[in-house]
Amino acid sequence: MVDVSQHELVPEHTVLEEEDLEEVLSEYHIDRTDLPKIKRTDPALPDEAEIGDVIKIVRNSRTTEQAVVYRLVVE
């Protein structure tokens, strides 16, 4: 079986630590539930990701070297 998360076109997905999450939420003045969602069954998620975790996704960008987005893991 192919591991989709290791494909070269899939951006880096990492579970965000709680202290880093608090900084992100306060910077944007939002709650965890205001973040866009990602399903736990998404094959790009790290194996250790659980429902309620926030995932940091780092993509390559043409306008800025990297684009960072955050997603809340849901069922």
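Since the model is a prediction, treat every value here as computed from it, not as a measurement.

Colleague: Honestly, the side chain of H13 in this entry has me stumped. Any pointers?
Modeller: Examined against the element boundaries, H13 turns out to sit in strand 1 (residues 12-15). A distance of 2.7 Å separates a polar atom in the side chain of H13 from the backbone oxygen of P11.

Colleague: In this structure, what is going on with the sheet that holds strand 4 (residues 66-74)? I would like to understand it.
Modeller: Sheet strands line up and pair through hydrogen bonds in the backbone, either parallel or antiparallel. Taken together, four strands build an open sheet; the order of strands is 1-3-4-2 and the sheet is mixed. Unpaired on one side and paired on the other, strand 1 and strand 2 (37-39) mark the two borders of the sheet. On average, each strand axis in the sheet is tilted by 40° relative to the strand beside it, whichever way the strands run. Where strand 3 (residues 54-60) and strand 4 come together, seven bridges link them in antiparallel fashion. Across the sheet, N60 pairs through a bridge with Q66, a residue of strand 4.

Colleague: What should I look at first to understand the nonpolar core in this one?
Modeller: Soluble globular proteins tend to bury their nonpolar side chains together. Counting eight residues, the largest nonpolar core is built from L16, L21, V24, L25, L35, V54, Y70 and L72. Counting only elements with at least two residues in this core, the list comes to helix 1 (18-28) and strand 4. In this structure L16 touches L21, V24, V54, K56 and Y70, once residues within four positions along its chain are discounted. Listed in part, the six residues of the second largest apolar core include I38, L45, A49 and I55.

What counts, and where the lines are drawn
- Residues numbered from 1 in each chain as written.
- Predicted model: local features only at pLDDT ≥ 70, side-chain atom pairs only at ≥ 80, totals over all residues.
- Heavy atoms only, no water.
- Helix = DSSP H or I, 4+ residues; strand = E, 2+ residues; numbered from the N terminus.
- Polar contact = N/O pair within 3.5 Å; in protein donor to acceptor, adjacent residues only side chain to side chain.
- Pairing = 2+ DSSP bridges.
- Axes fitted to C-alpha atoms, helices over the stretch in contact; angles between N-to-C directions.
- Core = buried A, V, L, I, M, F, W, Y, C linked by side-chain atoms within 4.5 Å.
- Buried < 20%, exposed > 50% of the residue type's maximum accessible area, 1.4 Å probe, protein only.
- Contact = heavy atoms within 4.5 Å.

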